[in-house]
Amino acid sequence: MAEQPTLVGLDVGTTGVKAVAVSPAGELLAVEEESYLLSMPQPGWAEQDPEDWWQAAETVLERLPSQELRPGLSGQMHGLVCLDEAGRVLRPAILWNDQRTAAECAEIEDQVGLERLIELTGNRALTGFTAPKLLWLRRHEPEVYAHIRHILLPKDYVLYRLTGEHAIDAADASGTLLFDVAHRRWSEEVLDALAIPAEWLPRVSESTEHGGAGDQEAAALGVGAVEPGVLFVVLGT
């Protein structure tokens, strides 16, 4: 009989890649983890090399006890990965906990309008989100910005290395400050206000189609917070 595929949860985290392998019946088969470093080149900055995520992902997947793996991905949210025309990484990824973009957050709220921004994206501009990072690059690293042709979030960079696809789920997209949450699509209004090219953005689908989600959305599913009236709280870093 053919071997049944092993289901894998692959999490691209801030401190490492974690993998959990289970059988189709739900039996726990293996747990693996490979860590990597966080770079803080200046106070308040936080960066990582996307190649470290990919190498760690390859390592943990190779350790799992099956040749036929069906992975679903979760990962740290909001991080900015910039790729050029050939799919090469242009600079280290700027992470969710990076605090360099206070001026860009104020600029976004001024350009879009605070109330309208919240209406469209569900959030005000915060330093962790993806959009302010793009504006920071445009202002401070124009030579990098000029070569951007694709942007991805951390777990979706690993998906890109696995499949060659530029894709994201609606859950993770909602944390970029570029996503029209109510209509489940990139916000043309926000993109136009910030002069960010829509063609840089990956294709969006629901998590069930994409096979992944941001870490907090995936955690909500894992603990059963899937219906109105059910709450879970994360007290993080």
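Counting 33 residues, the largest nonpolar core has I108, L134, L178, L194 and I196 as the members making the most contacts within it. Of all the secondary-structure elements, those providing two or more residues to this core are α2 (102-112), α3 (114-121), α4 (130-140), α7 (170-173) and α8 (188-194). If you tally residues by element for this core, the top one is α4, at five residues. Formed by 27 residues, the second largest nonpolar core is a distinct cluster that contains A57, L64, L83 and Y157.

This part is about the sheet that holds strand β2 (residues 16-22). With respect to topology, five strands assemble into an open sheet ordered β3-β2-β1-β5-β13, the strand pairing being mixed. Here the strands that pair on one side only, and so sit at the sheet edges, are β3 (28-35) and β13 (212-214). If you compare each strand with its neighbour and ignore which way they point, the axes differ by 15° on average. As defined by bridge partners, strand β1 (residues 6-12) adjoins strand β5 (residues 69-75) across seven bridges and the pair is classed as parallel. When the bridges of β5 are listed, G9 appears paired with G72. Set on the sheet, helix α1 (residues 50-63) makes contact with β1, β2, β3 and β5; between it and β3 the angle comes to about 150°.

At a closest axis distance of 6 Å, the pairing of α2 and α3 adopts a crossing angle of 95°. As summarised for this structure, α2 and α3 are arranged roughly perpendicular, according to the angle between their axes. Along its contact with α2, which presents I108, E109 and V112, the element α3 presents L114, R116 and L117. A per-class count over the contact of α2 with α3 returns four nonpolar, no polar and two charged.

Conventions used here
- Residues numbered from 1 in each chain as written.
- Predicted model: local features only at pLDDT ≥ 70, side-chain atom pairs only at ≥ 80, totals over all residues.
- Heavy atoms only, no water.
- Core = buried A, V, L, I, M, F, W, Y, C linked by side-chain atoms within 4.5 Å.
- Buried < 20%, exposed > 50% of the residue type's maximum accessible area, 1.4 Å probe, protein only.
- Helix = DSSP H or I, 4+ residues; strand = E, 2+ residues; numbered from the N terminus.
- Pairing = 2+ DSSP bridges.
- Axes fitted to C-alpha atoms, helices over the stretch in contact; angles between N-to-C directions.
- Contact = heavy atoms within 4.5 Å.
- Parallel < 35°, antiparallel > 145°, perpendicular 65-115°, else oblique.
- Nonpolar A, V, L, I, M, F, W, Y, C, P; charged D, E, K, R; others polar.

Purely spatial values, then, with no claim about function.
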